[in-house]
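The chain contents come next:
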Amino acid sequence: MKSIHIRLLGLLLLVGLSSCEEFLDVNENPNNPEDAPITGLMTNATYETALNVQRVGSTTSNYVQYLASPNPASASDVMDPLNFSGTWFNLYNVMTDLTDLISKAEESDAGHYLGAGQVLMALNLGMTVDIFGDVPYSEGFDFSSVTPTYDDDEQLYAEIMRLLDSGIQNLAGSTTISMGADDFIFQGDVEKWGKFANVLKARFMLHTKGTGSYNESELLAALDNGFSGNEDDAFVTFFEQRFNPWAQVAINNANLLLGGWISTQFIEALDGTSYPTVDPRLGLMIGTTDEGEFVGVLNGEGRGDAPEQGARSTLVPGQFYTSELSPLLIATYAEQKFIEAEAALSTDPGRAYAAYLAGIEAHMDMLEVPQAEKDAYLSDPSVAVGAQALTLDTILKEKWVALFLHPETWNDARRFDYGYKDMTVPANLNADLNGQFIRRLAYPDNEVSRNGQNVPNVTLLDRIWWDQ
Amino acid sequence: MKRRFTLYFVLLTCFLLQGSVLLAQQRTVSGTITSTEDGEVLPGVSIVIEGTSTGTVSDLEGNYSLDVPGPNAVLLFSFIGFATRSEQVANRQTVNIALSPEAGDLDEFIVTAFGISQEKKSLGYSAQSIDAEAITKMKQPNLVNALQGQVAGVQVTNSGGAPGQSARIIIRGINSLDPGADNQPLFVVDGVPVDNSTIESSGTPRGLSNRMADVNPNDIESMSVLKGAAATALYGVRAANGAVIITTKKGKEGQIRVNYNGSVGIEELNRLPRLQDEYGQGFSGQYQPNSFWPSWGAPISQVQQTVPDHRYQDNWNRAFNTGVQVDNSVSISGGNEKATFYGSIGNLTQEGIIPFSTWDRTTAKLSGSVKANEKFDFSGSINFSNTGGNRVPHDRFMERMMYWSETTDVRDYINEDGTMRTYGNTNPIYDARFATYEDDVNRIIGNINLNYNPTDWLSFSYRLGNDFYSDTRTEITPGPKGIDGERALSSTGLLEETRINSRDLTSNFYITLKKQFNSDWNTSLRLGNDIFERRFDRITARGENFVIPEFYNLNNTTQIFASQGKSLRRLVGFYGDLMVDYKNFLFLNLTGRNDISSTLPKDNNSFFYPSVNLGYVFSENLSLPSWVTFGKLRASWAQVGKDTNPHILGATYASPSIFPLNGQVGFTRNSVFGDPNLRPELTTSLEFGLQTAFWDNRANFDVTYYKSNAQDQIIPVPISDATGFSSYITNAGEIENSGFEFILGGTPVQTQDFSWSINANLSINNNEIKSIREGIDEIVVGSQFGYVGSTVTMKLIEGEAYGNIFGSSYQRLGADPDNLFLDRSLPVIIGANGFPVRTGTQLVLGNAVPKWIGGIRNDFTYKGFELSFLVDFRTGVEQYNQFANFLSAFGKNEFTEAREDFRVFEGVLADGSPNTQEVWLGQGVGPDGVNYGAGYWRNHYRTTSENFVTDASFIKLRNLTLGYNLSPEILESTPFRSARVSVAANNIILYTPWDGFDPESFSAGAGGNAVGFTGLGFPGVQSVFFNLNLGL
């Protein structure tokens, strides 16, 4: 009796143990696949890249005084060190996906994906370097180190150029897989990708204007291969399911989640206060008070006694930048023309002046400014200054308007020493800045707590390599 | 069980006594013996004629009959667990006797692992149990709350006062460094582990239930708490944080019994912060009728002179309702020698203090057991519950109360056309009414038990358990109605449908072998196999932008998002349990268990861990003074392994929930990377204890020391995003908990009519994070918003305790720059502007894990009356008072009434000289001509976290009950066997230094670990209940 029991038990255990392994083999992730299609990576990378432009832009827009906080001494206005852990994550998240996209494209000889991936990598890396300076890259993305070291920002610029050059080459070459609707920027138009890469090349080269590595002819050559008009602009159009983030800011503000208030600096530059002309674009870019007036907020001062609604200009839903389905602009023909104007200014004022006017016109066309108003503005003596009288100030003022809300303006502002007419440091400026404008963003708290030994010790006044 | 043993024993004695009984044949006395406790008959009671060896025992109906020598004979009635009574026969032929349970002797048996009832005497570890009465007396709809203050080393925290809101239970401190880990014990109902997770709402907090709230407390017979690893080693990985073993009521042999319990309760806010009522709407001391600012305006009395209806509305008292709770349950039970059954139906409806908050529970239970023959018996039970209610957005309610003007009636919230009535800000009650979130849970917990005893030394047992629930949730925020000028809650409106299905299956088979080698040595060996599986699936569909207003269907929205998350976890365990008993005073228990988990890498997924515990009952072995009734030393050492969550290994890709967009689905590399070489965690614990009883159990004392080290913790280590991941789940770190637990009990007075008993417990816990991972300085458990740099963060740092709250503070003169802790005793540095100087450097401002917790229970009975109260406390605990931070930003604290005053802030200037500068506290230009801007509280006070991280200790009257049991004489003329009326009061704050709502409420909900943040949680409530219990 006893032995039968024991034998039975032994048998049961044996059967149990062998089926056990199979029974327990259920840990494969049912929610997240172990691999992703290259098209899916492209979709997310193009979408998130556009959002990254907006994320960085929403920070820099207060620094370049497009926007101002409705609250007094708001940290975003007064240039306090803020925690940019979220922005940092988003930039690295896209670069991580692009690393995977690039290696997949290499594996499958998908040259166009490879090229587009390199261009997007250059753009995201460039944005990261431009705001933070030295950042991790060479030891990044592949988990080779838990605490990746930081690369020198100047060397990273060389990598950006290498990525763009290689990208241009790959986009012009052959591919085993063609891009299509998964590409949210150009819907697979490889020719536009090539132009876009050249515009980015010119953008990043322009940053180095104050350094020894600047090469004007190379920059102008890149521009020759750039956009042919507004129809080539790089942007992502938004969706019924997901509104344009600036539209969301405007909608939230209308719902009293305050944001998107316009700086007095911006309004006075366009309403005839700082310059003799009234810019017809003003009413197409921002809203008015209940009385139909344009009233801004002084950066750092807050709205004072003004109520939450109706007494100040804000972003309002439904305009060019703030419609639910509005495009988020990554790089535009207008920007290209202003780059050209600035680059050619010293050597070919005629080319510079033509580019300057073309830049304004391109932006006005984008906003659908009526022809008569456009003509009036472009012929106003304060605008139509003539090739000989054209200055960097004039070019950068118009570029500032044309790149409304775009993060590139902060790069210009720093190169230009915030030299825009009437621009002063915000009220209640962060005392540590000693009365000066901010020159970089603080490294994010997450990075300090997770990779503290490698994070460079910098202040907000320490300039990045091209801003010397 | 206990009674049955005694019955056999006494029957045996009976045979031996038979001879002597025949000799004396004077007269016969008979009667029935019952228990005073429940009126039930007592079989097996021994009846002996005093001074003789003549006697008998009562039969199954509690009847006895005995021949006595004459009227002078005195009968002694004795029964284990009951006080012995003596009664002179006199001239009576019938002597009916009611025996009272003996104090201090009730917990001789305790239900331990796998539902095995074990003699408490033999345990080599600490375990504590509470009985049905102590549970139902608490009148807590949530079973977890019934443990509050009653068990040493167990901390139960109500996450808030919402109907059905979760309660968190932590035994002997937090054992995991993982901020997302569940540190709560395993709950086991009738031998089957059940789900006690809390799935909070996405978006604004709604205060959802922990799943144990699905169980009707009226169905519970007893709960025992197994605290250390030694007690839970047999349950394996899932009980690494301890276990709460619940035994439900069963039918008993005898007549059919019907019990009814009914109660009606009302509840109200138990505490308000101290608020000002002098200043009204506006800013900078100016009255503005439509201002966003509720309380920075002009004095109300001043404005009243020109605006007659401008007056303080007392909104904070008026906004809250009186909550109502109605609970009814009926049970029927009975059985005979062969079979028993128990059935019950219960219904609870509850309306909370925030308007429109509700929670209902309907339960039905059926259980039965059948003894097929001497060798085979089986039993089973099925428990159905339906729970759910409307979970108001309490956080948003409280926030909107903050913004709401104190001079506008908050109750006047709706216009005739159904739109919101407001001067500008969103009305909190309107939002609570229309922004609904309803959950509807259907749950079935069932089990089947089979026992086969082929011989007296061998038995086979099998138990199959099932715990299934579906949770249907619907969240609605209405969009605009399309009425001109309306203030809609949302510009688009949203509808979110969530469907959660979860199923736990547990299979447990074990063989028990018993062997008595000789009269000194008894052994029993148990070998078993345990299989567990949990399938979980959650689907969420969210629609936004309604086409037709107020028609709530996903088809009626223009934007739809859907997401799904599912998981499957399986565990197979083999275990052995050897118990050796030497001369009934030395008890040795060895256990071993090997678990194989589906969640770990295949090479590391099988792991073994042993335990040993020893109990030495020295009172049976040594000759001790007669007043020492019982004494035992116990020691144990145990290890418990722990696996991890399913599906976390390696790198994966995820599709963000926003896709598809334009028909395209994007993918991104998941930012979490699970170490492919993950090993199981290992917790090693050591425990020593002493248990004593004196003067015939009239007093008892128990002390336990424990230390547990959880090593190789599986934690998500935050890593640089530049690595390609943000979080790396790996083995890293160790956490140590140690502490003492004291239990003191006694019956100072016990007479025929009056008794008084006390039970007190006290525990202290020390916690230290021994290590994290090289290169990683800290792990953030959570953070909570505070205005202008006063956000606080709970961080884990090597060498420090769990629960430290970091935040900004005032600069202190002579502060050691290397000191991580704020030294509040140093003088505050005052700046040139006359205000304290703030520093954003993050310092430890307090710790959110209570150092000391304890409770005292007193029970008095006098004839039919019973009075009991339970007081519990916690101390050595600080929390972040987010509410106070908001109140100060909006000028609502009582102390902001000083806004027209001047003050010299106590402190020193940077050079160490005392501050003498007088500053004005108000807004704008002060009487001294200085512009103070937004004023002291907005510019200074609210920006500094140290003002809001404060002592959150409390002493609470957890429960006070006054009951009356109708006497048998009265009941005789009624159909009832027992009747009891009682009134109870709950959760009354006796003392707290905390200025705010009940400091017990916290934001994270029971599943979260960031307990130091009170947030804008659902305020705590105090309640009064009227109860009626009837027995047929």
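Residues numbered from 1 in each chain as written. Chains lettered and ligands numbered in written order. Predicted model: local features only at pLDDT ≥ 70, side-chain atom pairs only at ≥ 80, totals over all residues.

Asker: Just to check I follow, could you spell out the sheet that holds strand E34 (residues 672-674) of chain B for this structure?
Answerer: Within a sheet, each strand pairs with its neighbour through backbone hydrogen bonds, oriented either parallel or antiparallel. Residue and element names in this part refer to chain B. An order of E34-E38-E37 is seen for the three strands of this open sheet, with the pairing classed as mixed. At either end of the open sheet lies a strand with only one pairing partner, and these are E34 and strand E37 (714-718). Each strand of the sheet is rotated relative to its neighbour by a mean of 30 degrees, with strand direction disregarded. Relative to strand E38 (residues 727-731), E34 runs parallel, the two being bridged by three bridges. From the neighbouring strand, Val 672 faces E38, where its bridge partner is Ser 727. (Pairing = 2+ DSSP bridges. Helix = DSSP H or I, 4+ residues; strand = E, 2+ residues; numbered from the N terminus. Axes fitted to C-alpha atoms, helices over the stretch in contact; angles between N-to-C directions.)

Asker: How do you make sense of the interface of chain B and chain A when you look at a structure like this?
Answerer: Frequently, the measure chosen for interface size is the accessible area removed from exposure when the parts meet. On the side of chain A, 53 residues touch chain B, which itself brings 52 residues to the contact. Breaking the side of chain B that touches chain A down by element, the ones donating at least two residues are strand E28 (557-582), strand E32 (653-654) and strand E33 (668-669) of chain B. A per-element tally of the side of chain B that touches chain A places E28(B) first, with eight residues. Tallied by class, the residues present in the side of chain B that touches chain A amount to 23 nonpolar, 23 polar and six charged. (Contact = placed C-beta atoms within 7 Å. Nonpolar A, V, L, I, M, F, W, Y, C, P; charged D, E, K, R; others polar.)

Asker: How do you make sense of the sheet that holds strand E2 (residues 46-49) of chain B when you look at a structure like this?
Answerer: Residues and elements named next belong to chain B. If you walk across this open sheet you meet the four strands as E3-E2-E5-E6, and the pairing is antiparallel. If you trace the sheet from one side to the other, it starts and ends with strand E3 (55-57) and strand E6 (82-88), each paired once. The mean angle between the axes of side-by-side strands here comes to 15 degrees, regardless of whether they run parallel or antiparallel.

Asker: Whenever I open this one, unusual backbone geometry confuses me. Can you help?
Answerer: Phi is mostly negative for residues that are not glycine, and the peptide bonds are mostly trans. Residue and element names in this part refer to chain B. Residue Pro 660 is reached from Phe 659 by a cis peptide bond, and omega for that bond is 5 degrees. Here Pro 660 is to be found in the loop between E32 and E33. Backbone geometry places Asn 662, a non-glycine residue, at a positive phi of 50 degrees. As for its placement among the helices and strands, Asn 662 is situated in the loop between E32 and E33. Despite not being glycine, Asn 987 shows a phi value in the positive range, around 55 degrees.

Asker: Help me out: how do you make sense of the packing of helix H6 (residues 190-207) of chain A against helix H7 (residues 216-224) of chain A in this one?
Answerer: All names here are of chain A. Here H6 crosses H7 at 155 degrees, and the two axes come no closer than 8 Å. In terms of orientation, H6 and H7 fall into the roughly antiparallel class. Considering only the axes of H6 and H7, their crossing is left-handed. Taking contact as the criterion, the partners of Asn 198, Lys 201, Ala 202, Met 205 and Leu 206 in H6 are, on H7, Glu 218, Leu 219, Ala 222 and Leu 223. (Parallel < 35°, antiparallel > 145°, perpendicular 65-115°, else oblique. Left-handed = near helix turned anticlockwise from the far one by under 90°.)

Asker: Can you help me understand the nonpolar core in this one?
Answerer: Where a protein is soluble and globular, its nonpolar side chains tend to be buried together. Counting residues in each nonpolar core, the largest one holds 134 residues, and the members touching the most others are A:Leu101, A:Tyr113, A:Val119, A:Ala122, A:Leu200 and A:Tyr356. Looking at this core, the element that brings in the most residues is helix H4 (residues 111-132) of chain A, giving 13 residues. Here A:Ala122 is in contact with A:Ile160, A:Leu163, A:Leu164, A:Gly167 and A:Leu200, once residues within four sequence places are set aside. Counting 133 residues, the second largest nonpolar core, distinct from the first, contains B:Ala230, B:Ala233, B:Met794 and B:Leu1016. (Core = buried A, V, L, I, M, F, W, Y, C linked by C-beta atoms within 7 Å. Buried ≥ 20, exposed ≤ 12 C-beta atoms within 10 Å, placed from the backbone.)

Asker: Sorry if this is basic, but what is going on with the packing of H7(A) against helix H11 (residues 333-344) of chain A here?
Answerer: When two helices pack together, their arrangement is given by the angle between their axes and by how far apart the axes lie. All names here are of chain A. The N-to-C vectors of H7 and H11 enclose an angle of 155 degrees; their axes lie 10 Å apart at closest approach. Here H11 runs roughly antiparallel to H7, going by the angle between their axes. In this structure, the crossing between H7 and H11 has a hand that is left-handed. Note on element contacts: H11 touches H7 through Gln 336, Ile 339, Glu 340, Ala 343 and Ala 344, opposite Glu 216, Leu 219, Leu 220 and Leu 223. Of the residues in the contact of H7 with H11, the class split is six nonpolar, one polar and two charged.

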